[in-house]
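Structural overview
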Amino acid sequence: MGKRTELLICVISFITDKPQSVLIVSPQWLNPGDSVTLSCGVKESSTGWRFFWYRTVPYTAGLLSLSDTSYSVELLSGSGTSEDSYTLIPAGPSHTGGFVCRAGRGDPVYDTLYSEPQFLWSGDPQPSVSFKIRPNRTQHFTSTSPSLNCEEKRNSTGWRLKRYREKAGESECVSNWGSKAGSTCTIRSTRKKDSGVYWCESGSGEYSNAVNITVDVGTLILESLPYPITEGESMTLSCTNIYQETNPNPKVDFYKDGVLIRNDTTGDMTILAVSKSDEGSNKCKSNEGESPESWVTVRGVTLGPSTSVLVGVVVGLVVPGVLLAILLVLLCRYKKAGGSCCNRIFWPPQPQRTNLDPQQDQGSTQGQAPEAGYTRLQHGQSLSPDHCHSPLCNFTY
């Protein structure tokens, strides 16, 4: 064996023996305002590494790319430190997507392999495309054929249906697990290994909502909607037996976060008005077995643009009016002099009753004292300036 051959074998061995980076994303399913931590480690390796963090983008020739050319990667700012974690704050809809990491050390730098992509979903309420699954649920029995579809909402093209499974990475709808017709992908016969996260992705890097699908080999599944529920809406969870037609469940127990919350003979649990406290992990049990757990996400009610404008207008009109009323009351309390403007505004004098017959009117008032706060004038008498603040004060009757 020549020296060149030995050198080539040595170089190949050096390249293939690179250690593997491992990325953990926590949490992967986000609520508004959550922050995300990316943690990177190196398999079977010592310390001294500097860590680099990347976001996946559509594959582009000339950019740093993963070995299978499924994605190119862009370096995140702040990379290249000894810290093995990276925090995304705030984690809004723009952070939906895939992330990878790798590590390097030495001079010249000796890099690890890129980690497998990990995805996080921040729940953009209005994505350009919507991922739909039929039957409309997250759990499925084996040997079924659910259909998956990318429904476009705006002028977007080039959407691809993808899935991500642990220990298998991501892949498009291809012949080895699904059959594609237009924008619809049908899983021919579900198996447990088809469990994973499914979504739609465009050629420009946009993402739809994602659904975590579970395929179970047991006899029970919990039917729940694969999308977040809005507070105030109704929700029904159904415990379905694979032998439902011949052997329906006689009694079903429903659990949330491991605690029994209801038992039912119909197999259904309905919540008429969902609240944030109903969010959590749910499952059902019967004498036939136990279903996998499904996570129910509850979103708060968000005001639309028109509602927000209306609220702003109402507040803008009401608040100044209330403040003005308070100011006038305080001013009136400060000015306690009789006959002041405050008395005329808030406590105007009541009009006296007038009869059509002057004699009746005169007779009805005879012997009665004048009302409090008023002075009866005699002919030829004028009001004292102390009791009047009008130019008519010097007028003589």
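Refer to the structure above for everything that follows.
Per chain, the residues get numbers from 1 upward, laid out in the order the sequence is written. With pLDDT at 70 or above as the cut-off, local features in this predicted model cover only qualifying residues; side-chain atom pairs require 80 or more to be listed or tallied, and sums for whole chains, interfaces and linings still use all residues. For side-chain calculations, the full set of non-hydrogen atoms in the structure is used, while hydrogens and water are omitted.

In this section: the overall build of the protein chain. Tallying secondary structure elements over the protein chain gives four helices and 27 strands in all. The contact definition used throughout considers only heavy atoms, calling two residues in contact when any of these lie within 4.5 Å. Expressed as a percentage of contacts within the protein chain between residues at least 6 apart in sequence, the contacts between residues at least 24 apart total 59%. We count a stretch as a helix when DSSP gives it H or I for four or more residues in a row; a strand needs E for two or more, and each element gets its number in order from the N terminus.

A separate point is the pairing of strand 16 (residues 196-201). Summary of the burial criterion: residues with accessible area below 20% of their type's maximum are buried, those above 50% are exposed, and those between are partly exposed, where the area comes from a 1.4 Å probe applied to protein chains only. Counting buried residues in strand 16 gives six out of six residues, a clear majority hidden from the surface. Two strands pair if DSSP finds at least two bridges between them. Across five bridges, the pairing between strand 16 and strand 17 (residues 207-216) is antiparallel. Bridging across to strand 17, Tyr198 finds its partner in Val211. Linkage of strand 16 to strand 17, two consecutive antiparallel strands, is achieved through a turn of five residues, within which Gly205 is found at a positive phi near 95 degrees.

Bringing the side chain of Arg137 into the picture now. Mapped onto the elements of the fold, Arg137 is located in the loop between strand 9 (129-134) and strand 10 (139-141). You can call Arg137 buried: its relative accessible area is 14%. In this structure the side chain of Arg137 is engaged in a polar contact, spanning 2.9 Å, whose partner is the backbone oxygen of Gln139. In protein, a polar contact requires one atom able to donate a hydrogen and another able to accept it; more generally it is a pair of N or O atoms within 3.5 Å, and residues adjacent in sequence count only if both atoms are side-chain atoms.

Before going further, it helps to examine the pairing of strand 6 (residues 97-105). For strand 6, the tally of buried residues reaches eight of nine residues, placing the bulk of the element in the interior. The sheet contact formed by strand 3 (residues 50-57) and strand 6 spans six bridges and is antiparallel. Residue pairing across strands places Phe52 opposite Arg102, the latter belonging to strand 6. Linkage of strand 6 to strand 7 (residues 110-111), two consecutive antiparallel strands, is achieved through a turn of four residues, within which Gly106 is found at a positive phi near 85 degrees.

Tracing the backbone through its elements, the reader meets Pro226 in the loop between strand 18 (220-223) and strand 19 (229-230). Those residues in contact with Pro226 that lie beyond four places of it in its chain are Ile133, Asn136, Arg137, Thr138 and Val211.

Another point: the sheet that holds strand 2 (residues 36-42). Two modes of strand pairing occur in sheets, parallel and antiparallel, and in both the strands are linked by backbone hydrogen bonds. Taken in spatial order, the three strands of this open sheet run 1-2-5, and their pairing is antiparallel. Here the strands that pair on one side only, and so sit at the sheet edges, are strand 1 (21-26) and strand 5 (85-88). The average angle at which neighbouring strand axes cross in this sheet is 20 degrees, direction not considered. Taken together, the six bridges between strand 1 and strand 2 define a ladder with antiparallel strand orientation. Opposite Ile24, over in strand 2, you have Ser39 as the bridge partner. Convention adopted: a line fitted to C-alpha atoms gives each axis, helices being fitted over their contacting stretch, and angles between N-to-C directions are expressed from 0 to 180 degrees.

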